[in-house]
Amino acid sequence: MEKLTGLKKIKTAVFISGTGSNLKNLIKFAKFKKSPISINLIISNIKAKGLNYADQFGIKKKIFSFKNIKTSEKNILILIKKEKINFICLAGFMKILSKDFIKKFNGKIINIHPSLLPKYKGLNTHERAIKDKNKFTGCTVHYVSSKLDSGKIILQRKIKITSKDSPTSLAKKVLKQEHKFYPAAIMKIFN
Ligand code: GRF
């Protein structure tokens with residue numbers, strides 16, 4: 001990834017589908033002088049709760065239904081170009097981007113996943129980790145490639161699973177670490 005030159009921040013879009021706690025955290029991180037990115041656009045496929053942060057922080061937001069993936073992606077690309085976006089962070093975005101879209105943005109889309117990849121790609125990671133009696137789980141920030149949750153790993157954080165953990169308590173524990181490690185991974189990429 002390119003090195004930062006001067007003080008210009010890399011214009012970033014965050015894609016969400018849910019509560020947007022990672023989005024909020026990235027917005028706060030981006031406001032720090034040391035942050036290599038600025039959050040300039042928020043994209044969702046639904047009326048996600050997290051879109052409220054767009055209004056709260058005065059960031060442009062747009063919903064694309066993804067009912068027709070090709071059309072939605074085509075329109076996203078137009079908007080991204082218009083807004084001069086050069087980096088994309090997926091944060092709980094529940095749609096799978098097409099190979100074509102990923103290729104157009106090659107090496108510039110990253111994602112956070114709530115497991116120690118390559119373990120537990122896809123959904124219900126905490127249930128699966130507990131069911132398999134894993135002693136550890138974690139979160140992974142990785143580049144997005146054409147294969148689901150399989151791109152090059154940027155940063156991983158290991159988190160202990162105790163006998164008291166339920167999928168809900170584990171999700172809470174992991175999310176707390178996600179908030180630390182998503183910005184850390186971005187710092188690692190650009191510095
Ligand atoms: C996070 O656990 C993330 O790893 C996963 O979806 C969740 C999104 O949470 N992909 P939030 O919307 O950022 O609160």
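Residues numbered from 1 in each chain as written. Predicted model: local features only at pLDDT ≥ 70, side-chain atom pairs only at ≥ 80, totals over all residues. Heavy atoms only, no water.

A. Expanded view of the environment of E127. Looking at where E127 falls in the secondary structure, it is placed in helix α5 (residues 125–131). Taking relative accessible area as the criterion, E127 reaches 38% and is therefore assigned partly exposed. For the pair formed by E127 and P167, sequence separation is 40 residues and the distance between their alpha carbons is 5.2 Å. (Helix = DSSP H or I, 4+ residues; strand = E, 2+ residues; numbered from the N terminus. Buried < 20%, exposed > 50% of the residue type's maximum accessible area, 1.4 Å probe, protein only.)

B. Examining the site of the ligand more closely. In the neighbourhood of the ligand, the contacting residues comprise T19, G20, S21, N22, G92, I112, H113, P114, L175 and E178. Separating an oxygen atom of the ligand from a side-chain N or O atom of S21 is a distance of 2.6 Å. The separation between an oxygen atom of the ligand and a polar main-chain atom of N22 is 2.9 Å. When the free accessible area of the ligand is taken as 370 Å², the share hidden by the protein chains comes to 81%. Taken together, the residues of the shell around the ligand break down into three nonpolar, six polar and one charged. (Near = heavy atom within 4 Å. Polar contact = N/O pair within 3.5 Å; in protein donor to acceptor, adjacent residues only side chain to side chain. Areas by Shrake-Rupley, 256 points an atom, 1.4 Å probe, with all protein chains shown as cover. Nonpolar A, V, L, I, M, F, W, Y, C, P; charged D, E, K, R; others polar.)

C. Looking closely at the sheet that holds strand β6 (residues 136–143). Taking strand neighbours across the sheet as the criterion, the seven strands line up as β3-β2-β1-β4-β5-β6-β7 in an open arrangement whose pairing is mixed. Each edge of the open sheet carries a strand with a single partner, namely β3 (60–63) and β7 (153–160). For this sheet the average axis-to-axis angle between neighbouring strands, irrespective of direction, equals 20°. Bridge count for strand β5 (residues 109–113) against β6 is four bridges, and the pairing is antiparallel. For N111, the partnering residue across the bridge sits in β6 and is H142. (Pairing = 2+ DSSP bridges. Axes fitted to C-alpha atoms, helices over the stretch in contact; angles between N-to-C directions.)

D. Representation of the packing of aromatic side chains. Overall, the coordinates contain six aromatic pairs when judged by the stated rule. When the centroid spacing of 6.4 Å and the interplanar angle of 55° are considered together, the rings of F15 and F101 count as tilted. Residue F15 is located in strand β1 (residues 10–16), and its partner F101 is located in helix α4 (residues 99–104); the two are separated by 86 residues in the primary sequence. Look at F15 and you get buried, because its relative accessible area is 0%. An aromatic cluster is defined as three or more aromatic residues linked by ring pairs; in this entry it consists of F15, F66, F93, F101 and F105. Between K34 and the ring centre of F32, over which it is positioned, the NZ or CZ distance is 5.7 Å. (Phe/Tyr/Trp six-rings, centres within 6.5 Å; stacked < 30°, edge-to-face > 60°. Lys NZ or Arg CZ within 6 Å of the ring centre and 35° of its normal.)

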